[in-house]
Amino acid sequence: QWKTAKSLAAVGGAGENRLTKYGGMNAAVRAVVRMGLYVGAKVYFIHEGYQGMVDGGDNIREASWESVSSMLQVGGTVIGSARCKEFRTHEGRLKAAHNLVQRGITNLCVIGGDGSLTGANLFREEWSGLLTELVEQGLIEQDSVQKYSALHIVGMVGSIDNDFCGTDMTIGTDSALHRIIEVVDAIMTTAQSHQRTFVLEVMGRHCGYLALVSALACGADWVLIPEMPPEDGWEDKMCQKLSATRSRGTRLNIIIVAEGAIDRHGKPITSSFVKDLVVKNLGFDTRVTILGHVQRGGTPSAFDRILASRMGVEAVLALLETTANTPACVVSLCGNQSVRLPLMECVEMTQEVQKAMDEKRFEEAVKLRGRSFENNLKTYKLLAHRKPESDLNFNVAVLNVGAPAAGMNAAVRSAVRVGISEGHKVFAVSDGFEGFYKGQVGSEIKWADVGGWTGQGGSLLGTKRTLPAKHVDKIAAQMRQHNINALLIVGGFEAFESLLQLFEARATYEEFCIPMCMVPATISNNVPGTNLSIGADTALNAIVETCDRIKQSASGTKRRVFIIETMGGYCGYLASVGGLAAGADAAYIYEEPFDIRDLQANVEHLTEKMKTSIQRGLVLRNENSNENYTTDFIYQLYSEEGKGVFDCRKNVLGHMQQGGAPSPFDRNFGTKISAKAMQWVTRKLGETFRQGRVFANSEDSCCLLGMRRRALVFQPVVQLKGETDFIHRIPKEQWWLKLRPLMKILAKYKTSYDVSDSGQLEHVVHNRPKELDASVAM
């Protein structure tokens, strides 16, 4: 049972050190306000951060349901952020306490960086003393001290630098990466007409996360970050690398520099210095692009909206469950799970990173940043720098199976380069198993052959839905002919079915008694054994971007409801999670059966909202949610029932959800998960190589690599059969169904919300055990 909530306030972007605005902050504010109202609290906005809290007056205003409408797609923060020197003083905090007590506010939700959160914790610790002082000055009554005896605080981290320890991702980071990658992709197109070197300077005064991840996502030739300064003599090594890639026919070189990049002696490495170095040593035509505050702006990505919405709801739950003895906590993301961590433990560890860097303990600084950062760095090193040719031990085939998904090419590039680094010959199979049985096994694919693949959409290898069962004899013959010792498949549900068929074929054909691994890649996110698939994030961004445009098209017109059909087969992931990110009023899916009474209730609910203040409504429908209640039927029903209140429009998004350049998340997820899969293949080859041949027939040698909550897990495909609904091609249990009540709450429905899966308070650990190593949240 939740205790009765009295009042809570959202402080957005307190930004003590510099003005801070991040994509996704408005989604967090919206979620806090609506979840607060849902649980019966009185919710306040505190405008202009701590400055507004100190100044009081109109800066502290009560929030209503409607006051957070139409803000999901807006960048920055609508409640403002400001530096506040006064709040750093005792007198300033005394004024702030007086302003809060006057309004009965004892619960604060602070969205900001480590400076903002540290200030909030100090405020909390001083609270009782501040109240006593206010009584002594005659500003409040004695009974207020008892009534408002404790101040409860929950933090959410907003920072594009992702420099806060304890969380895999901070609000705003993914949106910033979108801006960076858009620029990189635009620059890459100029390579068609010019041979150029581009030096990109990205934000990151003390943290190289943006530089590192964008380098990984675009396959940059060189990256310079503050946590891991290059060894002495790096200038010559970098120029040799650029020269070598240019000599292999590459028309474009990209160097990414974090604004805080330094060398081993603490001397800054600037983008202009890098440019002059390249021009002087190589004579290459070189350009500098400084992204600056472009990275902070723009529309928030789907990932940031979902992350911020989940964190906002979790923050309200944490406030309701906290007591006077509970330490102030920060809501964090670990893998795909919300967790609560003691705020000051996170702040202290964040400060430890800076201390380690100041003392030139760089390897320790990388470890303190967390396993996700460390793995990003390891993966970049593995993929960016070509290893000396070693004795090639095994032949590994890589292929795509199923429908195309953005990020597949990044996964193949990663697999090829890690395979070569591990000493294998890698063969690319065109057009999936159809190409395999037709003999479309290409010659050995080399390191340079996959250059520039990360930003390419679709499947450059070609992909088909054909399953191997009918042609298993021809495929076995091809494997025998090319002496294939291991198989890596990047694909969707068909890839999963294919692995099952190949596993069963082991009884007849020894050619399939080899290590086989699958990396999930499908926009539908319908593969069993994984919470996320490569391609789903890009599809979500396509849906959200389209929904934003469609809603904007109704701006200034009369009230209007849009019915939008999404892809996904029988899996409602895109409709549900896209609906959460776009602020939908309803999302119809197969997994949650609905009838005419539900449709009628939704229409009435929307009609009621439209009569008050909402101007636009959004309804999503998964393509196979119901064979009778089609998109046309729902459109006609809403049109008829909404007469006199709103009119209707419909839109079928279709294959635009499959196209486009992959999102930063999909590029990174594909890169890292595929690298991990190839390393597993190498281990299995070593374990199963006996008497001059590879022989693997155990269940654990035919696996799917998936993300389960907080861990990346290799799971035998045979063991996943029981978890699968093969008729509808979906897992029997799907984690994202728990997000559906959240979408309904934020759309003003009265519904029950399951708090059993909410985050529990944990302690920060410097190094999580390997089994908890999800390391995929970019």
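The numbers attached to residues start from 1 for each chain and follow its sequence in the written order. Whole-chain, interface and lining totals are the exception, using all residues; otherwise, since this is a predicted model, local features are given only for residues with pLDDT of at least 70 and side-chain atom pairs are given and counted only at 80 or more. Each side-chain value is worked out from all heavy atoms of the structure, with water and hydrogens disregarded.

This part is about the overall build of the protein. In DSSP terms, a helix is any run of H or I states spanning at least four residues, a strand is any run of E spanning at least two, and both are numbered starting from the N terminus. Summing up its helical and strand segments, the protein has 23 helices and 27 strands in all. Over its C-alpha atoms the protein spans a radius of gyration of 27 Å, differing by no more than 12% from the 28 Å that the globule rule assigns to 778 residues. Each principal axis of the C-alpha distribution contributes one length, and for the protein these read about 90 × 70 × 50 Å. For every residue, the accessible area obtained with a 1.4 Å probe (protein chains only) is divided by the maximum for its type, and the residue is called buried under 20%, exposed over 50%, and partly exposed between those limits. Every one of the 778 residues in the protein was classed for burial, and the buried ones make up 62%. In the protein, of all internal contacts separated by at least 6 residues, the share reaching a separation of at least 24 is 80%. Note on areas: Shrake-Rupley with a 1.4 Å probe; residue coverage comes only from the protein chains shown. A total of about 28900 Å² of accessible surface is found on the protein, and carbon and sulfur atoms cover 48% of it. In the protein, 87 positive and 85 negative side-chain charges are present, and the distance between their average locations comes to 3 Å. With the radius of gyration taken over C-alpha atoms, the globule rule is written as 2.2 Å times the number of residues to the power 0.38. Any two residues having at least one pair of non-hydrogen atoms within 4.5 Å are treated as being in contact. Neither His nor the chain ends contribute to the count of charged residues, in which Lys and Arg are positive and Asp and Glu negative. All charge positions are set by atom: Lys at NZ, Arg at CZ, Asp at CG, Glu at CD.

A few words now on the domain arrangement of the protein. Note that domain bounds follow an automatic or database assignment of domains. According to the domain assignment, the protein contains domain 1 (7–170 + 300–355), domain 2 (173–296), domain 3 (393–534 + 663–731) and domain 4 (537–658). Here domain 2 and domain 4 have C-alpha centroids that lie 43 Å from each other.

Even without being glycine, N483 reaches a positive phi, approximately 50 degrees. Secondary-structure assignment places N483 in the loop between α16 (472–481) and β16 (486–491). Here K748, not a glycine, exhibits a phi torsion of approximately 75 degrees, which is positive. Checked against the element boundaries, K748 lands in the segment after α23 (740–746).

To continue, consider the packing of aromatic side chains. Ring geometry is summarised as follows: Phe, Tyr and Trp rings, the Trp one being its six-membered ring, pair when their centres sit within 6.5 Å, and such pairs are stacked at plane angles under 30 degrees, edge-to-face over 60 and tilted between the two. Within this structure, the stated rule accounts for 19 aromatic pairs. Look at F493 and F726: their rings are 6.1 Å apart centre to centre, the planes differ by 70 degrees, and that puts the pair in the edge-to-face class. In this pair, F493 sits in helix α17 (residues 493–505) while F726 sits in the loop between β26 (724–725) and β27 (730–731), placing the two residues 233 residues apart along the sequence. Ring plane angle 45 degrees and centroid distance 5.7 Å describe the contact between F665 and F669, whose orientation is recorded as tilted. With a gap of 4 residues between them, F665 and F669 both fall in helix α22 (residues 664–688), about one helical turn apart. F669 carries the same exposure label as F665, and that label is buried. Chaining the aromatic ring pairs together yields one cluster made of Y50, F87, F123 and W127. A cation over a ring is seen here: K267 above F273, with NZ or CZ 5.8 Å from the ring centre. We count a charge as sitting over a ring when the NZ of a lysine or the CZ of an arginine lies within 6 Å of the ring centre and within 35 degrees of the ring normal.

Next up on the list: empty space enclosed by the protein. Using a 1 Å grid laid over the protein atoms alone, points where a 1.4 Å probe fits but cannot get out form a cavity; open sets with protein on both sides within 12 Å along at least 5 of 7 lines form a pocket; any residue with an atom within 4 Å of a point counts as lining. Grid points are joined across faces, edges and corners, and a volume is the space filled by probe spheres set on the points. Inspection of the entire model under this criterion finds 4 cavities of 30 Å³ or more. When its volume is computed, the second largest cavity comes out at roughly 260 Å³. Taken together, 20 residues form the lining of the second largest cavity, with F303, I306, N336, L532 and Y573 sitting closest to its centre. Where the lining of the second largest cavity is concerned, the elements lending two or more residues are α10 (302–321), α18 (536–553), α19 (573–582) and α22. The element best represented in the lining of the second largest cavity is α10, accounting for 4 residues. Charged means Asp, Glu, Lys or Arg here, nonpolar means Ala, Val, Leu, Ile, Met, Phe, Trp, Tyr, Cys or Pro, and polar covers whatever is left, Gly included. The residue makeup of the lining of the second largest cavity, split by class, is 14 nonpolar, 3 polar and 3 charged.

What follows covers the UniProt feature "binding site: ATP" (unreviewed entry) in the protein. UniProt positions are given in the numbering used here, feature names are shortened, and annotations may be inferred rather than shown by experiment. Following the UniProt record, the feature "binding site: ATP" (unreviewed entry) maps to G15, R83, C84, G113, D114, G115 and S116 here. Relative to the helices and strands, D114 resides in helix α4 (residues 114–136). By relative accessible area, which is 26% here, D114 ends up partly exposed. Sequence-distant contacts of D114, that is, excluding residues within four places in its chain, are made with F164, V347 and T350.

Along the polypeptide, N526 turns up in the loop between β17 (516–520) and α18. Since its relative accessible area comes to 7%, N526 is described here as buried. Of note is the side chain of N526, whose polar atom sits 2.9 Å from the backbone oxygen of R729. With sequence-adjacent residues up to four places away left out, N526 is seen in contact with F493, C571, R729, I730 and P731. Polar contact is the term for a pair of N or O atoms within 3.5 Å; when the atoms are in protein, one must be able to donate a hydrogen and the other to accept it, and sequence-neighboring residues count only if both atoms are side-chain atoms.

Now for the pattern of salt bridges. By definition here, a salt bridge exists when the distance from a side-chain nitrogen of Lys or Arg to a carboxyl oxygen of Asp or Glu is within 4 Å. Evaluated as defined, the whole model comprises 38 salt bridges. When the shortest N-O distance is used, the salt bridge between E86 and K95 registers 2.6 Å. Among the ionic pairs, D585 bridges to K609, the shortest N-O distance being 2.6 Å. One end of the pair, D585, is in the loop between α19 and β19 (586–588); the other, K609, is in helix α20 (residues 596–612), with 24 residues separating them in the sequence. K609 shares its class with D585; the two are buried. Salt bridges sharing partners connect three or more residues here, namely R465, E494, E497 and R729.

Note on sheets: strands pair through backbone hydrogen bonds, and any given pair is parallel or antiparallel. The pairing criterion is simple: DSSP has to find at least two bridges between the two strands. Reading across from one edge, β19-β20-β18-β21 is the order of the 4 strands in this open sheet, with parallel pairing throughout. Each of the sheet's edge strands pairs with one partner strand only, and the pair in question is β19 and β21 (647–652). Taking each pair of neighbouring strands and ignoring which way they run, the sheet shows an average axis angle of 20 degrees. Here an axis means a line fitted to C-alpha atoms, over the contact stretch when the element is a helix, while the angle between two N-to-C directions is reported on a 0 to 180 degree scale. Taken strand by strand, α18 contacts β18 (560–566), β20 (616–622) and β21, and its axis lies near 160 degrees from that of β18. Running at roughly 165 degrees to β20, α19 makes contact with β18, β19 and β20 of the sheet.

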